[in-house]
Amino acid sequence: MLSYTFENSNTPMYEQLYTFIKDDIISGELPADTKLPSKRNLADQLSVSVITVENAYSQLLSEGFIYSLPRKGFYVSEIFSEQGYFDNYISGTDSSASLKNEKSKSSTSRSFPSDNTDKISVDLETDNGTCIDFSSNASDPATFPFATWANLTRRILSEDRDYLMKNSPSNGLPELRSAIAAHLRAYRGIVTDPENIIIGAGTETMYSILINLLGHDLTYATENPGYEKLHMILDANEVKNVRIGLDESGIIPSLLETNQVDIIHVTPSHHFPTGITMPIRRRYELLSWAALPGRYIIEDDYDSEFRLSGRPVPALYSIENSGNVIYMNTFTKSLASTIRISYMILPDTLARKYRDSLAFYSCTVSTFEQLTLARFISEGHYEKHINRMRTASRKKRDLLLKAIKESPLGSISEIREEQSGLHFILKLCLDTSDESFVEKCKKQGINISPVSESSFMINYSSIPIERIEEAVNRLNICI
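## Concerning the overall build of the protein
Consideration 1: Helix and strand content of the protein: 17 helices and 16 strands.
Consideration 2: Out of the 479 residues belonging to the protein, those deemed buried represent 54%.
Consideration 3: Across the protein, contacts joining residues at least 24 apart in sequence account for 73% of those joining residues at least 6 apart.
Consideration 4: For the protein, the accessible surface area stands at approximately 21800 Å², while carbon and sulfur atoms represent 48% of it.

Below is the structure:
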């Protein structure tokens, strides 16, 4: 019987219940395959609402702490490997073989192509109007806070002229690094020294710094399918790099050993392009792999702000304690794709190495842009903007899903990974090949990217909400 005492605090009760159950799972108090009470029974036991239990279970389910079996209920997941770096956390309780078999049957089996899937990017000129681009990560101009940004800009130009003429430190302005550190502590549960944060103009800059810091003689790895530009950046820097395949939980750790990988780039909160949220068991497996000296995980948290239901999934950086995770994020998704400001957090050892050997580099982001963004975050505008964006994105996503469901597409489609980020996967039962479907879409002014066989990425960030119905109508013509 689960028994918890709730605190009178600003933390919602479902988050408190989520934390209680999660901590019991991690500590071993709730062993793998333990059956949890039904939502109604637990609500009665704890004298809380059913919706509180439902939200807590939903969050635990999305992060992989629990799993569900049809008409049977919820069970505790086995989150640690039988052998590995984190074995000291568990009590060693044997699991039920029958539950394991049912759990395996209830899982959705997915596979992804071993060859790399490039993003399709074409210029479309049709009689049907301007392009509807489901592959673009560009921002909808209607979502950018132009008025607030303009006010901050005018104020900085008026009040901070002397400061604007000073060169930024190599790792970025202290004001911006402190603002980012405070935001991460409040929103992502990441506690870091602002001195460990490095500011730069996009992924290219971050990787150039990292390769010089970590070395050119290591083996780097990216996800396959994944963000193709990373592979191009690694090739341009003339370092050995390999692509590692995925299963339904994300990157496959055993392939890291097979390919003798030293550095792995992953997107655990919302994989691009498949949309997978890496479950907690796989996260611990990955952290176990990285526990050996000289290995690092580069955690790309690129659109974690846009989890549209429940609380944000904890970052790898917030749960590891071995100093082997490099956290990376950008403002191109949350603000605008044309604002080229990214940052990364280095573990203490790498941060010291950076200050000793690479501090002569000039920061690649102007003082003016850094100061504007620092004020935007520290004065609370960023949090308000994210909340508005999340609301607008949820409304846009729901309208798009509704339009698909109520159209001819609804009878031949399946939606996957729609709870996180600004894209989801549309799996179609087509009579034609993927290539033929993409060509038909092109003729209708639609840019769409295949992820795997008969599955397509639907990135809706750049689609104005008033064009959602039109976009679905054009897709219907192509099936």
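Next, the rest of the story.
## A short note on helix α17 (residues 468-478)
Consideration 1: Taken residue by residue, α17 has Ile-468, Ala-471, Val-472, Arg-474, Leu-475, Asn-476 and Cys-478 as its buried positions.
Consideration 2: Elements in contact with the buried residues of α17: β3 (132-133), α15 (381-405), α16 (434-443) and β14 (446-447).

## Quick word on the pairing of strand β1 (residues 66-69)
Consideration 1: As paired elements, β1 and strand β2 (residues 73-76) share 4 bridges and run antiparallel to each other. From the neighbouring strand, Ile-66 faces β2, where its bridge partner is Val-76.
Consideration 2: As consecutive antiparallel partners, β1 and β2 are separated by 3 residues, and within that stretch Arg-71 has a phi angle of approximately 60 degrees, a positive value.

## Points about the environment of Arg-188
Consideration 1: On the secondary structure map, Arg-188 appears in the loop between α7 (174-187) and β4 (197-200).
Consideration 2: Separated by 129 residues in sequence, Arg-188 and Tyr-317 have C-alpha atoms that sit 9.5 Å apart.
Consideration 3: Apart from residues no more than four positions distant in its own chain, Arg-188 is found in contact with His-183, Ser-269, Asp-301, Ser-304, Pro-312, Val-313, Pro-314, Ala-315, Ser-318 and Tyr-327.
Consideration 4: A distance of 2.9 Å separates the side chain of Arg-188 from the side chain of Asp-301, its partner in a polar contact.

## A word on the sheet that holds strand β12 (residues 413-416)
Consideration 1: Across the sheet, which stays open at both edges, the 4 strands sit in the order β12-β13-β16-β15 with antiparallel pairing between neighbours. In this open sheet, the two strands that pair with only one neighbour each are β12 and β15 (449-452). Put simply, the sheet's adjacent strands are angled 35 degrees from each other on average, direction ignored.
Consideration 2: One ladder, built from 4 bridges, connects β12 with strand β13 (residues 423-428); its direction is antiparallel.

## As for the sheet that holds strand β10 (residues 325-330)
Consideration 1: Read across the sheet, 8 strands follow the order β4-β11-β10-β9-β8-β5-β6-β7 without closing on themselves; strand pairing throughout is mixed. The open sheet has two edge strands with one neighbour each: β4 and β7 (250-251).
Consideration 2: Pairing analysis gives 6 bridges linking strand β5 (residues 219-224) to strand β6 (residues 240-247), with the strands arranged parallel. When the sheet's bridge partners are listed, Thr-219 is paired in β6 with Lys-240.

Rules of the game
Residues numbered from 1 in each chain as written. Predicted model: local features only at pLDDT ≥ 70, side-chain atom pairs only at ≥ 80, totals over all residues. Heavy atoms only, no water. Helix = DSSP H or I, 4+ residues; strand = E, 2+ residues; numbered from the N terminus. Buried < 20%, exposed > 50% of the residue type's maximum accessible area, 1.4 Å probe, protein only. Contact = heavy atoms within 4.5 Å. Areas by Shrake-Rupley, 256 points an atom, 1.4 Å probe, with all protein chains shown as cover. Pairing = 2+ DSSP bridges. Polar contact = N/O pair within 3.5 Å; in protein donor to acceptor, adjacent residues only side chain to side chain. Axes fitted to C-alpha atoms, helices over the stretch in contact; angles between N-to-C directions.

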